[in-house]
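Observations on chain architecture
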Amino acid sequence: MTSPECSNNRNGNLLARRMTEQTDEEIAAKVQRGDTDIFGVLVGRYESKIMRYANKFLYAYQDREDAVQEVFIKAYQNIQSFRTHDRFSPWIYRIAHNTFLNVVRKQSREKVHLFSTDQLFALQIKDQSVEERHEQKQEREILDLCLDKLDVKYREVLVLYYFEEKDYEEIADILQIPKATVGVRLARGRKRMKTIYQSIQTV
Amino acid sequence: MSDETKKKIKDLSAKVLETIKSDNVTMHSRYYFMARSTLWTLGLILAFSVTLYIVSFIAFVFRGNGLLLLPALGGHGWFVLFMSLPWLLLVLVFGIFVVLQLLSMHFSFVYKRPLVHTILGSIFLLVVSGVLLAQTTIHERVYEMSVGRKLPFAGQFYAHALLDRDDSHVGLLTTFDKETASYVFERRDGGSFTVVVTEETRLPPFALEFNFPVLVLGEIENGVINALGIRPFAPNTVLLRREQPGEKRTPTPRPYRPTELDN
């Protein structure tokens, strides 16, 4: 005979296993239907990712933890705007991106432009080659050294690409810019990153 | 991941859930987002409609004042065209167009494309539909209402639409005097002038018809216009009568047509 305590534990484990089997979108749909507790599963899945994104994007800022907390609270408040047939990841990253930009704006240490000319004439981009992927690890290390010296518009794209390992499509969804603009900013960002790195090396 | 980071994350997760459960945070309802989305769409439609109306009004001004006939009259024609452009309306259109672009960038079918495509696409759509709208009688009817003071709003907007500069005039050539090589010209505001044609006058490559709307370029001196150029309007153009300053407005003014003068 099993004790009620033991049965509760087993039910809890079963629930946890079922949760891990469910997709983010399915869990989000449950939160939309009023299951607040289950939102904790989404927080659990994304907190380390969003924290890492904050640590890189808001490299030189103090209030990173508060900003990350704000991201999840905003996600909960706005969960009804999430369309469950879309992917959850770009949606929450979009909220994170807007929240972090607000932190940057509030502190007025860096310029954040509403509109950039590279959104105007972005051309078609080609997919990343194998060689480029090999270079990625080395570039990530360089980027880590130059984060605080890069403009916001390049930093956001580079961080999402190198540290969050998002593809062009996802980055375009998160930043709400054309996919081609992502390619342009990545190319320009890399160039600037290398120039900054060279100047650091010479010093 | 270090133990310290793991602990930080655990604390953060607990904090988030605690804040959410403490009732200080409420989830916005689905209707809130539906209302917001509807307002956004309505704003976009409104901005587009206003821009379209003004673009069509500019096309009406161009048509009514014969501005597109001016480039054929040489350098002075280009100068008069530049000076006659409705600059205030163009600035207004530009302002609303920027608002339209900002509103449209909220929608994924817009932000997923290069901005230049959206801008050129909207300009094309606005110009084509604006010109088509200007071909209808909508602005003519509103203009008539404005002259008759039946328009509760935008009266001055329309009343100032059909402007004649001192060196550019719209009206009808009624008769021709061979001896003095001059026409009798009835301007659309009711004024009558003598139009002198010289060898330097830029005339169309075909004979001018009487009682047909024309644009005459040249300054007035003692009731005489030394024409630098004359160009007829397109066939079947309805010449909208322009009121004179201080004129007592008639209750039901109508555009006057060449046939009315014949009678």
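Residues numbered from 1 in each chain as written. Chains lettered and ligands numbered in written order. Predicted model: local features only at pLDDT ≥ 70, side-chain atom pairs only at ≥ 80, totals over all residues. Heavy atoms only, no water.

A word on the overall build of chain A. Within chain A one finds nine helices and zero strands. Secondary structure elements of chain A, listed N to C terminal, follow the sequence α-α-α-α-α-α-α-α-α. Residues counted as buried form 47% of the 203 residues belonging to chain A. Relative to all contacts within chain A whose residues are 6 or more apart in sequence, the contacts with residues 24 or more apart total 68%. Accessible surface, chain A: about 11,200 Å² in total, of which carbon and sulfur atoms supply 47%. (Helix = DSSP H or I, 4+ residues; strand = E, 2+ residues; numbered from the N terminus. Buried < 20%, exposed > 50% of the residue type's maximum accessible area, 1.4 Å probe, protein only. Contact = heavy atoms within 4.5 Å. Areas by Shrake-Rupley, 256 points an atom, 1.4 Å probe, with all protein chains shown as cover.)

Right, let's talk about the confidence of the model for chain B for a bit. Residues and elements named next belong to chain B. When pLDDT is averaged along chain B, the result is 82, and 83% of the positions lie at 70 or above. Under a pLDDT of 50 for its full length, residues 248–263 has, in the predicted model, 32 contacts with residues more than four places off or in other chains. Reported confidence for the predicted complex is 0.71 by ipTM and 0.74 by pTM. (pLDDT = per-residue confidence, 0-100.)

A few words now on a nonpolar patch on the surface. All names here are of chain B. Residues Phe79, Phe82, Met83, Trp87 and Leu90 make up a contiguous nonpolar surface patch of about 490 Å² in total accessible area. Here the nonpolar patch takes three residues from helix α3 (residues 74–84), the largest share from any one element. Residue placement: phenylalanine 79 occurs in helix α3. (Patch = residues over 30% accessible without salt bridge, like charges linked within 9 Å, V, L, I, M, F, W, Y side chains within 5 Å. Salt bridge = Lys/Arg side-chain N within 4 Å of Asp/Glu carboxyl O.)

As a further point, take the domain arrangement of chain A. A common way to report how large an interface is uses the accessible area buried once the components associate. Residue and element names in this part refer to chain A. Examined at the domain level, chain A breaks down into domain 1 (4–107) and domain 2 (117–202). Buried area between domain 1 and domain 2, summed over both chains or domains, comes out near 1,500 Å², and the portion from carbon and sulfur atoms is 60%. Of all residues in domain 1, the largest losses of buried area upon contact with domain 2 belong to Lys56, Phe57 and Arg94, amounting jointly to 37% of the total for that side. At the boundary of domain 1 with domain 2, the tally comes to two salt bridges. Put simply, arginine 52 and glutamate 164 hold a salt bridge, and the shortest N to O gap is 2.9 Å. Put simply, domain 1 and domain 2 have 10 residue pairs in polar contact (both at pLDDT 80 or more) between them. Considering each element in turn, the side of domain 1 that touches domain 2 owes the most residues, seven residues, to helix α5 (residues 88–107). (Domains from an automatic or database assignment. Buried area = accessible area lost by both parts, 1.4 Å probe. Polar contact = N/O pair within 3.5 Å; in protein donor to acceptor, adjacent residues only side chain to side chain.)

Quick look at the sheet that holds strand β5 (residues 220–221) of chain B now. Residue and element names in this part refer to chain B. As summarised here, the arrangement of the seven strands in space is β5-β6-β3-β2-β1-β4-β7, forming an open sheet in which the pairing is mixed. With one partner strand each, in any of the chains shown, β5 and β7 (229–232) form the two edges of the open sheet. The pairing of strand β2 (residues 182–187) with strand β3 (residues 192–196) spans five bridges and is antiparallel. When the sheet's bridge partners are listed, glutamate 186 is paired in β3 with serine 192. (Pairing = 2+ DSSP bridges.)

Take the environment of Val184(B) next. Within the fold, Val184(B) resides in strand β2. Along the chain, Val184(B) and Thr174(B) lie 10 residues apart, while their C-alpha atoms are 5.6 Å from each other.

Before going further, it helps to spend a moment on the pairing of β3(B). All names here are of chain B. The turn linking β2 back onto β3 is made up of four residues, and glycine 190 within it adopts a positive phi angle of 105°. With three bridges connecting them, β3 and strand β6 (residues 224–226) associate as parallel partners. Across the sheet, valine 195 pairs through a bridge with isoleucine 225, a residue of β6.

This next bit is on the pattern of salt bridges. Pairing is possible between side chains that carry opposite charge, provided their charged atoms lie close to one another. Within this structure, the stated rule accounts for 12 salt bridges over all chains. Taking the shortest distance from any N to any O, the salt bridge between Lys21(B) and Asp37(A) comes out at 2.8 Å. In this pair, Lys21(B) sits in helix α1 (residues 3–21) while Asp37(A) sits in the loop between α2 (24–32) and α3 (39–57), so the two residues belong to two different chains. One exposure class covers both Lys21(B) and Asp37(A), and it is exposed.

Residues and elements named next belong to chain A. Evaluation of the coordinates by the stated rule reveals 17 aromatic pairs over all chains. Geometrically, the ring pair formed by phenylalanine 39 and tyrosine 76 is edge-to-face, given 5.3 Å between the ring centres and 65° between the ring planes. With phenylalanine 39 in helix α3 and tyrosine 76 in helix α4 (residues 64–77), this residue pair connects regions lying 37 residues apart in the sequence. The same class applies to phenylalanine 39 as to tyrosine 76, namely buried. Aromatic ring contacts, followed pair by pair, group Tyr46, Phe82, Phe88 and Trp91 into a single cluster. Over the ring of phenylalanine 163 we find lysine 56; its NZ or CZ atom is 4.6 Å from the centre of that ring. Lying over the aromatic face of phenylalanine 57, arginine 155 brings its terminal NZ or CZ to 5.2 Å of the ring centre. (Phe/Tyr/Trp six-rings, centres within 6.5 Å; stacked < 30°, edge-to-face > 60°. Lys NZ or Arg CZ within 6 Å of the ring centre and 35° of its normal.)

Here we come to the side chain of Gln32(A). With respect to the secondary-structure elements, Gln32(A) resides in helix α2. Overall, Gln32(A) belongs to the buried group, its relative accessible area being 11%. Look past the residues within four positions of Gln32(A) in its chain and what remains in contact with it is Ile79(A), Gln80(A), Phe82(A), Thr84(A) and Arg30(B).

This next bit is on the interface of chain B and chain A. At the interface, 27 residues of chain B touch 32 residues of chain A. Surface buried jointly by chain B and chain A totals about 2,700 Å² across both partners, of which 67% is contributed by carbon and sulfur atoms. Ranking the residues of chain B by area buried against chain A places Leu12(B), Met27(B) and Tyr111(B) at the top, with a combined share of 23%. Counting every contact that joins chain B to chain A gives two salt bridges.

All names here are of chain B. In the contact formed by helix α4 (residues 87–104) and helix α6 (residues 115–135), the axes pass within 11 Å of each other and the chain directions differ by 125°. In terms of their interaxial angle, α4 and α6 are classed as oblique. Like other packed secondary-structure pairs, α4 and α6 cross with a definite hand, here right-handed. Counted together, Phe97, Leu100 and Gln101 of α4 and Thr118, Ile119, Ser122, Ile123 and Leu126 of α6 form the full contact between these two elements. (Axes fitted to C-alpha atoms, helices over the stretch in contact; angles between N-to-C directions. Parallel < 35°, antiparallel > 145°, perpendicular 65-115°, else oblique. Left-handed = near helix turned anticlockwise from the far one by under 90°.)

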